Amino acid sequence: MLITGAGPIGIMATAVAKHAGARFVVVTDVNDFRLDLARQMGATVALNVNHARTLKEVESQLGMKEGFDVGLEMSGSPTALREMIEHMCHGGKIAMLGIPSESVPFDWTKVVFNMLTIKGIYGREMYETWYKMTVMLETGLNIKARHHASIPLY
């Protein structure tokens, strides 16, 4: 799973993804403090995109051959969305939660030929969300920051 944006929702999504069984959770952001919080919530890799490392290097380091199956775009960054689309696997699914501050042009051929699904998310299905969260908490989801073995890539 690739999560772009380590704000409160991205950080919480990291814990939920790990609880749900995601093998790798890679979180990208530009803020080292927020990336550290993502690590504490279980991110396999928390990558500051302003530094020299790239998502391609992360994929290689993790032994990934085909890209990410699931993407959660929570930053609103046009660059982050383009990077996400570039690094999704064939048939991958992207949920758009971040609100871009400007128009985001990108290569639609990548979306079409890789059969990507992009879904916009706005608001919440309040009661259904509460029920799902209750079940996750009852089955051991820990939303308290903790230290995990993550791969620091700066």
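Note that the coordinates shown come from a computational prediction; the quantities given were computed from them, not determined experimentally. (Residues numbered from 1 in each chain as written. Predicted model: local features only at pLDDT ≥ 70, side-chain atom pairs only at ≥ 80, totals over all residues. Heavy atoms only, no water.)

> Account for the overall build of the protein, naming residues and giving values.
Counting secondary structure elements, the protein contains six helices and seven strands. Beginning at the N terminus, the succession of helices and strands in the protein can be written as β-α-β-α-β-α-β-α-β-α-β-α-β. Taking 154 residues into account, the globule formula puts the C-alpha radius of gyration at 15 Å, and the protein, at 15 Å, falls close to it. Oriented by its inertia axes, the alpha-carbon framework of the protein measures out at about 45 × 35 × 30 Å. For the protein, with 154 residues in total, the buried portion stands at 41%. Within the protein, residue pairs in contact and separated by at least 24 positions form 55% of the contacts whose partners lie at least 6 positions apart. On the protein, roughly 9100 Å² of surface is accessible, and the fraction owed to carbon and sulfur atoms is 58%. Positive and negative charge centroids in the protein, built from 15 and 15 side chains respectively, lie 5 Å apart. (Helix = DSSP H or I, 4+ residues; strand = E, 2+ residues; numbered from the N terminus. Rg over C-alpha atoms; globule rule 2.2 N^0.38 Å. Buried < 20%, exposed > 50% of the residue type's maximum accessible area, 1.4 Å probe, protein only. Contact = heavy atoms within 4.5 Å. Areas by Shrake-Rupley, 256 points an atom, 1.4 Å probe, with all protein chains shown as cover. Lys, Arg positive; Asp, Glu negative; His and termini not counted. Charge placed at Lys NZ, Arg CZ, Asp CG, Glu CD.)

> I'd love a proper account of the pairing of strand E2 (residues 26–29), names of residues and values included.
Along E2, one buried face is formed by Val26 and Thr28 and the opposite face, lined by Val27 and Asp29, is buried too. Relative to strand E3 (residues 45–48), E2 runs parallel, the two sharing four bridges. For valine 26, the partnering residue across the bridge sits in E3 and is valine 45. In this fold, E2 hands off to helix H2 (residues 32–40), which returns the chain to E3; that crossover is right-handed. (Pairing = 2+ DSSP bridges. Right-handed = clockwise from strand over helix to strand, strands pointing away.)

> Describe in detail the pairing of strand E4 (residues 68–73), supporting the description with residues and values.
In the case of a regular strand, side chains alternate between the two sheet surfaces. Sheet topology places strand E1 (residues 2–4) next to E4; three bridges connect them, and they run parallel. Among the inter-strand pairings, leucine 2 is bridged to a residue of E4, identified as glycine 71. Note that E4 and strand E5 (residues 88–96) share five bridges and pair parallel. The residue of E5 that forms the bridge with phenylalanine 68 is methionine 88. What joins E4 to E5 is helix H4 (residues 78–86), and the crossover it makes is right-handed.

> Account for the environment of isoleucine 9, naming residues and giving values.
Along the chain, isoleucine 9 falls in helix H1 (residues 8–20). In this structure the C-alpha to C-alpha distance between isoleucine 9 and leucine 97, which are 88 residues apart in sequence, comes to 9.3 Å.

> Provide a residue-level description of helix H3 (residues 55–62), including the pertinent values.
Among all positions of H3, only Leu55, Val58, Glu59 and Leu62 are buried. End-on, the buried residues of H3 take up no more than an arc of 100 degrees, which puts them together on one face. Facing away from the buried side of H3, by more than 90 degrees, are the exposed residues Lys56 and Ser60. The first or second residue beyond H3 is glycine 63, which carries a positive phi of 80 degrees. (Arc of directions from axis to C-beta.)

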